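Structural overview for review
Okay, here's what each chain looks like letter by letter:
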Amino acid sequence: MAIQNGTNHLSRRRLVKLAGITVAGSVAGIRNAEGEPLTASLFDGKTLDGWIQIENSATSLSKAGITDPVALAGKLTNGSEAISVFLRGRLQGSVKADALVADLNQVISGLSIYDQARFSNVVLRPETEQLLKQNPSGQQLARLNKLLLEDAYPGELARSSSTGWVVKDGAMASTGSGRGVIYTAEDYSRYRLIFTMRHISGNPDHQACVLIFCSRPQNSEKPLDALGGIQFQVPNGGHWDYRPGMNNSGGQEFTSVTRTQFDVHAWSRVEILADAAKGTARMAVAQPPGNTAVEVLDFKDATAGKAGPIAWQMHNAGLFDEYKDVTIESDPKGDAIPTRS
């Protein structure tokens, strides 16, 4: 009943079959010559190839992003700088923090705010200059507008990071930069996802989160928060429903199978068996990896199931989580969980 580490449980024949597969996630629905489902690695321990990052803070401003609200309000009310004069005409008359954030986010999500004369006295960071040269649209334009504002008010606005995840010591590691997700470049429908994870720290703290049945953003549209997915908190089985119109902890669709008190800071081996056609998902956890696993959380709602990406969620800024040894078995036989050795 123990969940195996990495690909140690694969037969020599399967390893030979996998040798020709180089693109993470590209084996969805593929079977070997014997008709058995294939298991593939989604993370090679070296790069984030096959994954896409979205940081909410990259394209919108939060109240916490205003580091000196008094100074910013003063400049926007009375400042003679060209950018302040420009913004003054687009504010609703209030410089209170909440209203100001809403107004500035309207500016960020609108047309390009760049004008050579308007920014002639603003020192642009290399990232801003590089994006400006690309004449972006959609979400990249919103990113550019936010960078321009941060460059124009370096003492009043915090600089946001577009990198929420990096490779660190062979693991996918969150940087604590802000709320957002990293998700697979491929979509999956019925699969067995197995990975090793641990939560390092958080300020403010929150459990590490996995998202399934997600909605992939199309073209340049703004992604849904948490990709509108179903959240499994690992390793102890907390949960949330991010579907549009829901945004709650759910009800009978979530079932706590075993009440656990795993140490979130220690490595756990996690297995999730999901079926989009049925809207079902089950999670089992072994701690330490190699120990006997127990089923922790089940989900069932036929209306929630959808083929889509799988994601790790950074719930808020200040969180540091790590994931490694990530494998996926597409269209697995049977519905046993945890996997029997």
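Please read these numbers as outputs of a predicted model, since none were measured by experiment. (Residues numbered from 1 in each chain as written. Predicted model: local features only at pLDDT ≥ 70, side-chain atom pairs only at ≥ 80, totals over all residues. Heavy atoms only, no water.)

Every buried residue of helix H2 (residues 69-78) is listed here: Leu72, Ala73 and Leu76. On an axial view of H2, the arc spanned by its buried residues comes to 100°, and they lie on one face. In H2, the exposed positions that point more than 90 degrees away from the buried face belong to Val70 and Asn78. (Buried < 20%, exposed > 50% of the residue type's maximum accessible area, 1.4 Å probe, protein only. Helix = DSSP H or I, 4+ residues; strand = E, 2+ residues; numbered from the N terminus. Arc of directions from axis to C-beta.)

What follows concerns the layout of surface pockets. Empty space within the largest pocket amounts to approximately 570 Å³. Counting only elements with at least two residues in the lining of the largest pocket, the list comes to strand S2 (51-55), helix H5 (126-133), helix H6 (138-152) and strand S5 (180-184). Among the elements that line the lining of the largest pocket, the one with the most residues is S2, at four residues. Here the lining of the largest pocket is built from residues that sort into eleven nonpolar, 14 polar and seven charged. (1 Å grid on protein atoms, 1.4 Å probe; cavity = no way out; pocket = protein on both sides within 12 Å on 5 of 7 lines; lining within 4 Å. Points joined across faces, edges and corners; volume = space filled by probe spheres on them. Nonpolar A, V, L, I, M, F, W, Y, C, P; charged D, E, K, R; others polar.)

The peptide bond linking Val234 to Pro235 adopts the cis configuration, its omega dihedral lying at 10°. The peptide bond linking Ile337 to Pro338 adopts the cis configuration, its omega dihedral lying at 0°. Take Pro338: it is sitting in the segment after strand S15 (319-330). Phi is positive for Ala226, which is not a glycine, with a value near 55°. Residue placement: Ala226 occurs in the loop between strand S7 (208-212) and strand S8 (230-234). On the basis of relative accessibility, which here comes to 4%, the residue Ala226 falls in the buried class. Look at Asp325: it is not a glycine, yet its phi comes out positive at around 50°. Mapped onto the elements of the fold, Asp325 is located in strand S15. For Asp325, a relative accessible area of 33% gives the class partly exposed.

Where H5 meets H6, the closest approach of the two axes is 10 Å, and the angle between their N-to-C directions is 140°. In this structure, H5 meets H6 at a crossing whose hand is left-handed. Along the contact surface, H5 presents Glu127, Thr128, Leu131 and Leu132, while H6 presents Gln140, Arg143, Leu144, Leu147, Leu148 and Asp151. Broken down by class, the residue content of the contact of H5 with H6 amounts to five nonpolar, two polar and three charged. (Axes fitted to C-alpha atoms, helices over the stretch in contact; angles between N-to-C directions. Left-handed = near helix turned anticlockwise from the far one by under 90°. Contact = heavy atoms within 4.5 Å.)

From the geometry alone we can't say anything about function, so treat these as descriptive.
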